[in-house]
Amino acid sequence: MATILVTGGAGYIGSHTCIALLAADYEVIVLDNLSNSSPEALQRVQKIAGKSLQFIEGDIRDSRVLDQIFAEYAIDAVIHFAGLKAVGESQQIPLTYFDHNISGSINLVQAMQRAGVFRLVFSSSATVYGDAHPSPLNENMPTAMPNNNYGYTKLVVEQMLEKLAASDERWSFALLRYFNPVGAHPTGHIGEDPQGIPNNLMPYITQVAVGKREKLSIFGNDYDTPDGTGVRDYIHVVDLANAHVCALKNRLQQQGCRAWNIGTGRGISVLEIKNSFEQINGVTIAFEFAPRRAGDIATCFADNARAIAELGWQPQYQLEDMLKHSWNWQKQNPQGYR
Ligand code: NAD
Ligand code: UDP
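The protein is annotated in an unreviewed UniProt entry as UDP-glucose 4-epimerase of Acinetobacter brisouii CIP 110357. On record in UniProt, under Sequence similarities (unreviewed entry), the comment for the protein is "Belongs to the NAD(P)-dependent epimerase/dehydratase family." Under the UniProt heading Pathway (unreviewed entry), the entry covering the protein gives this text: "Carbohydrate metabolism; galactose metabolism."

Structure, rendered in structure tokens:
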């Protein structure tokens, strides 16, 4: 079976993807600098999968480490999660984001070229559509300049990979445009473990539920949406992880650069998330309405037809599972991996 290098494999989406890869009998090599993750996540991944993986602590910006990995292991393809992802922080320290997300990706692809490895699945985001189009968003719509530096790094790397694939037919890139990943492994043993105050809705809600935060601020209730709160396409992290295995299989057989939306195709409002979380999990989430958050758009959900048709992928989990599993993880691990 093929051997896959997973950068950022100790992180939230990476750890779930490692389980999916091990379950599909791939050999897994993880490279992670642990800047936003814990080695404990990888211990639990191996326990859940009942199989082992190789972990190398290191940075994608370090060519020496990359060359060593490619020399030591016969890597067939790379899944590239490593990077920084906090939108607000990317406005404060743009150069750091450009360094990890753009220079880091260039460094990785250069090392791949030196090693003769030409297949890569890239973690992109729905943010590359900007706010130029009405939802559902499909891959034929032109990308637009995202309104924050994090999104900009995703667009730059997408465009760079497209140009690279056009320059040399050996390259094969999957650009997976994630919508809103939520949920946790059904065992409750791995999940999202944000450091400090969560930026995202679901971990904020679970931290209110577990008593770590006082109340949820709902950013804006005057959007042009059915209940006035923002609408997003929430996708279970296990479904997202499985999409990587499907994209990998596709890339092991095909050349070129291709983008796929990974979402459920269903838009859900912040209030619906809060209310359903309360109902399904039998807890109360204190909340207040707060001003809109800078840079947020009213509505964003996917047209996922291309991924379903071309990758043989299909989301399996319902909203109820996403909410149950998020809570299950938080309840079992009130301090995350610490
Ligand atoms: P995460 O922070 O949990 O995982 C990223 C991992 O990369 C972490 O383990 C971190 O330690 C590691 N890392 C960061 N910089 C590194 C570097 N220079 N070298 C080596 N390792 C490094 O984030 P996640 O939610 O799992 O996201 C994974 C990828 O998906 C990221 O590229 C992110 O931008 C992208 N993405 C995430 C979301 C989301 O909502 N979670 C949405 C769209 C896209
Ligand atoms: N949101 C909110 N309160 C929070 C965090 C998020 O009301 O504490 C809203 C946000 O305005 C958006 C939705 O929840 O409408 C999803 O936000 P998140 O940051 O999780 O993901 P995004 O869609 O911004 O990538």
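Novice: Just to check I follow, could you spell out the overall build of the protein for this structure?
Specialist: For the protein, the helix and strand inventory stands at 11 helices and 14 strands. Whereas a compact globule of 338 residues would reach a radius of gyration of roughly 20 Å, the protein reaches 19 Å, a difference of no more than 12%. Taking the principal axes of its C-alpha atoms as reference, the protein extends roughly 55 × 40 × 40 Å. Within the protein, the fraction of its 338 residues that count as buried is 56%. For the protein, restricting intrachain contacts to residue pairs at least 6 apart in sequence, the fraction spanning at least 24 positions comes to 79%. In the structure as shown, the protein presents an accessible area of about 14200 Å², 47% of it carried by carbon and sulfur atoms. Within the protein, the 34 negative side-chain charges are centred at a point lying 2 Å from the centre of the 27 positive side-chain charges.

Novice: Help me understand the pattern of salt bridges, please; the structure alone is not making it clear to me.
Specialist: Between side chains of opposite charge, a pair can form when the charged atoms approach closely. One pass over the full model with this rule turns up 17 salt bridges. The partner of Asp 99 in a salt bridge is Arg 61, and the shortest N-O contact between them spans 2.7 Å. With Asp 99 in helix 5 (residues 94-115) and Arg 61 in the loop between strand 3 (54-57) and helix 3 (63-72), the pair connects residues that are 38 residues apart, well separated along the chain. Taking the shortest distance from any N to any O, the salt bridge between Glu 288 and Lys 215 comes out at 3.5 Å. A residue pair is termed long-range when its members are at least 10 positions apart, and Glu 288 in strand 13 (residues 287-290) and Lys 215 in the loop between helix 7 (201-209) and strand 8 (216-219) qualify at 73 residues. In this structure, a network of salt bridges that share partners links the residues Asp 59, Arg 61 and Asp 99.

Novice: What should I look at first to understand the site of ligand 2 in this one?
Specialist: Near ligand 2 there are 14 residues, and of these Leu 201, Ser 217, Arg 232, Arg 293 and Asp 296 occur at the shortest range. Separating an oxygen atom of ligand 2 from a side-chain N or O atom of Asn 180 is a distance of 2.9 Å. Measuring from an oxygen atom of ligand 2, one finds a backbone N or O atom of Asn 199 at 3.5 Å. In the complex, the protein chains occlude 85% of the 510 Å² of accessible area that ligand 2 would expose alone. Per element, the largest residue contribution to the shell around ligand 2 is four residues, and it comes from strand 8. Partitioned by chemical class, the residues of the shell around ligand 2 number six nonpolar, five polar and three charged.

Novice: Please explain unusual backbone geometry as it appears in this structure.
Specialist: Negative phi is the rule for most residues except glycine; trans is the rule for most peptide bonds. Here Ser 135 and Pro 136 are connected by a cis peptide whose omega angle stands at 5 degrees. Secondary-structure assignment places Pro 136 in the loop between strand 5 (119-125) and helix 6 (149-167). With phi around 75 degrees, Asp 25 is a residue other than glycine that occupies positive phi space.

Novice: Just to check I follow, could you spell out the side chain of Thr 7 for this structure?
Specialist: If you trace the backbone, Thr 7 turns up in strand 1 (residues 3-7). Looking at Thr 7, its side chain comes within polar contact range of the side chain of His 80, at 2.7 Å. Apart from the residues lying within four places of it in its own chain, the contact partners of Thr 7 are Leu 31, Ile 60, Val 78, Ile 79, His 80, Phe 81, Ala 82 and Leu 108.

Novice: Explain the nonpolar core to me, please; I cannot follow it from the model alone.
Specialist: A general feature of soluble globular proteins is that nonpolar side chains tend to end up buried together. In this structure, Ile 4, Leu 21 and Ile 262 are the most contacted members of the largest nonpolar core, which totals 45 residues. Core analysis: the next-biggest nonpolar cluster, separate from the first, contains 29 residues, Tyr 73, Phe 118, Phe 173 and Leu 175 among them.

Novice: For this particular structure, what's the right way to read the pairing of strand 3?
Specialist: A regular strand places its side chains on the two faces of the sheet in alternate fashion. Two elements, strand 2 (residues 27-32) and strand 3, share four bridges in a ladder whose sense is parallel. In the strand pairing of strand 3, Leu 31 is matched with Ile 56. With helix 2 (residues 39-49) bridging strand 2 and its parallel neighbour strand 3, the resulting β-α-β unit is right-handed.

Novice: In this structure, what is going on with the site of ligand 1? I would like to understand it.
Specialist: Around ligand 1 sit 27 residues, and of these Asp 32, Asn 36, Ser 37, Lys 85 and Tyr 150 come closest. Between an oxygen atom of ligand 1 and a main-chain N or O atom of Tyr 12, the distance comes to 2.8 Å. Side-chain polar atom of His 100 to a nitrogen atom of ligand 1: 2.9 Å apart, as the coordinates give it. Protein chains shield 96% of the accessible area of ligand 1, which is 820 Å² for the free molecule.

Novice: Could you clarify how one ought to interpret helix 9 (residues 270-281) in this entry?
Specialist: Three- or four-residue spacings in an α-helix give side chains the same orientation, since the helix completes a turn every 3.6 residues. Here helix 9 is 12 residues long and its end C-alpha atoms lie 16 Å apart, about the 16 Å a rise of 1.5 Å per residue gives. Turning to helix 9, its buried residues are Val 270, Leu 271, Ile 273, Lys 274, Ser 276, Phe 277, Glu 278 and Asn 281. Where helix 9 is buried, its residues contact helix 7, strand 8, strand 10 (234-236), strand 12 (268-269), strand 13 and helix 11 (319-332). Where helix 9 terminates, the next one or two residues include Gly 282, which has phi positive at roughly 65 degrees.

Rules and cut-offs
Residues numbered from 1 in each chain as written. Chains lettered and ligands numbered in written order. Predicted model: local features only at pLDDT ≥ 70, side-chain atom pairs only at ≥ 80, totals over all residues. Heavy atoms only, no water. UniProt positions renumbered as here; feature names shortened; annotations may be inferred. Helix = DSSP H or I, 4+ residues; strand = E, 2+ residues; numbered from the N terminus. Rg over C-alpha atoms; globule rule 2.2 N^0.38 Å. Buried < 20%, exposed > 50% of the residue type's maximum accessible area, 1.4 Å probe, protein only. Contact = heavy atoms within 4.5 Å. Areas by Shrake-Rupley, 256 points an atom, 1.4 Å probe, with all protein chains shown as cover. Lys, Arg positive; Asp, Glu negative; His and termini not counted. Charge placed at Lys NZ, Arg CZ, Asp CG, Glu CD. Salt bridge = Lys/Arg side-chain N within 4 Å of Asp/Glu carboxyl O. Near = heavy atom within 4 Å. Polar contact = N/O pair within 3.5 Å; in protein donor to acceptor, adjacent residues only side chain to side chain. Nonpolar A, V, L, I, M, F, W, Y, C, P; charged D, E, K, R; others polar. Core = buried A, V, L, I, M, F, W, Y, C linked by side-chain atoms within 4.5 Å. Pairing = 2+ DSSP bridges. Right-handed = clockwise from strand over helix to strand, strands pointing away. Expected span 1.5 Å × (residues − 1).

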